[in-house]
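Structural overview
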Amino acid sequence: MKKLSILLLAITALTSCNNKESNLIINANIEGLKKGTVYLQKIEDTLMVDMDSVVVNGDANISLEAFIESPQVMYLYLKKVDNSQYDDRIDFFAEEGEVTINTTLENFVTDAEITGAKNQEKLEEYRTMMQRFNDKNLELIQQNFEAQRDENEEQLIDVNKQYESLLKRKYLYTVNFAINNKDLEIAPYLALSEVFDANIKYLDTIYKSLEPKVKKSMYGKELKDFLEERREEEEASESVEPVETEENDIS
């Protein structure tokens, strides 16, 4: 009888863990959508996982729910049943509470207006600045093409210098943006997604600047683990001794 009681308690605990009350509500309106299925998704262990879904049949106002442990980037995925050639997916920063997404069927991604999350506001601010960097990068690509076409070596060297400077400024902007938003989960997220290959000292500076609650967040923990991996890799690389060879052995 005692064993049965323990088993029942274990089953109850497991059930309650798998059915946590929703703490995130996504209210969405997709103008022009008549039929289709809308999914709320997240990435888990490199896989895209469905958290909730709604079948649309005439009413474009929908609501999706989920439970999240920490603020994180999620996705609103539209699987159409019309004659469109492709489906669409909007990425956004989700936080506990309500997030509103208004968009259109015709321009599902580009028309998306997202409100309700502080991290999302900062993500949009960051992406606006990144668009300026990307526009400049496109200009340099065009200049590089013209220099190669004209066999202008001097211009090629100048364009390469401008590109290296642009890349450095882009990295430094991201690092400073993360530090200036150390109280938000977007800080470790940008470190992991945008400047993961930067000098480890920059990543370490971002992590050390984080507020305690952010360090305990999902992205905060991931950044800590990533830093530990980078340090181990660098230590292993430094410990490898070069192989000495005789000059006569080199052919």
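Calculation criteria
- Residues numbered from 1 in each chain as written.
- Predicted model: local features only at pLDDT ≥ 70, side-chain atom pairs only at ≥ 80, totals over all residues.
- Heavy atoms only, no water.
- Helix = DSSP H or I, 4+ residues; strand = E, 2+ residues; numbered from the N terminus.
- Expected span 1.5 Å × (residues − 1).
- Buried < 20%, exposed > 50% of the residue type's maximum accessible area, 1.4 Å probe, protein only.
- Arc of directions from axis to C-beta.
- Contact = heavy atoms within 4.5 Å.
- pLDDT = per-residue confidence, 0-100.
- Core = buried A, V, L, I, M, F, W, Y, C linked by side-chain atoms within 4.5 Å.
- Axes fitted to C-alpha atoms, helices over the stretch in contact; angles between N-to-C directions.
- Parallel < 35°, antiparallel > 145°, perpendicular 65-115°, else oblique.
- Left-handed = near helix turned anticlockwise from the far one by under 90°.
- Nonpolar A, V, L, I, M, F, W, Y, C, P; charged D, E, K, R; others polar.

1. A few points about helix H7 (residues 218-239)
Between its first and last C-alpha, H7 extends 32 Å over 22 residues, near the 32 Å set by a 1.5 Å rise per residue. Those residues of H7 that fall on the buried side of the exposure criterion are Tyr219, Gly220, Leu223, Leu227 and Arg230. Buried residues along H7 cover an arc of 95° about the axis, so they all sit on one side. Exposed positions of H7 whose direction lies more than 90 degrees from the buried face are Lys221, Glu232, Glu233, Glu235 and Ser239. Taken together, the buried residues of H7 touch strand S5 (72-80), strand S6 (88-94), helix H4 (186-193), helix H5 (200-209) and helix H6 (212-215).

2. Considering the confidence of the model for the chain
The share of residues in the chain with pLDDT of 70 or more is 85%, and the mean pLDDT across the chain is 88. Considering each helix and strand of the chain separately, the mean pLDDT is smallest for helix H1 (residues 2-18), with a value of 42, and largest for H6, with 98. For residues 1-18, every residue scores under 50 in pLDDT, and the model assigns this stretch zero contacts once sequence neighbours within four places are set aside.

3. Some words on the nonpolar core
Within the largest apolar cluster, 31 residues are counted, with the highest numbers of intra-cluster contacts made by Phe93, Ile186, Tyr189, Ile206, Leu210 and Leu223. Going through the elements one at a time, S5, helix H2 (118-149), helix H3 (153-180), H4, H5 and H7 are the ones with two or more residues in this core. The dominant element in this core, judged by the number of residues it contributes, is H4, at six residues. Among the nonpolar cores identified, the runner-up in size contains 25 residues, and Leu24, Leu40, Leu64 and Ala94 belong to it.

4. Remarks on the packing of H5 against H7
The description of two packed helices rests on the angle between their axes and on the distance between the axes. In contact at an axis separation of 10 Å, H5 and H7 are set at 150° when each is read in the N-to-C sense. As the angle between them shows, H5 and H7 are arranged roughly antiparallel. For the element pair H5 and H7, the recorded crossing hand is left-handed. Seen from H5, the contacting residues are Ile200, Leu203, Asp204, Ile206 and Tyr207; seen from H7, they are Gly220, Leu223, Lys224, Phe226, Leu227, Arg230, Arg231 and Glu234. Grouping the constituent residues of the contact of H5 with H7 by class yields seven nonpolar, one polar and five charged.

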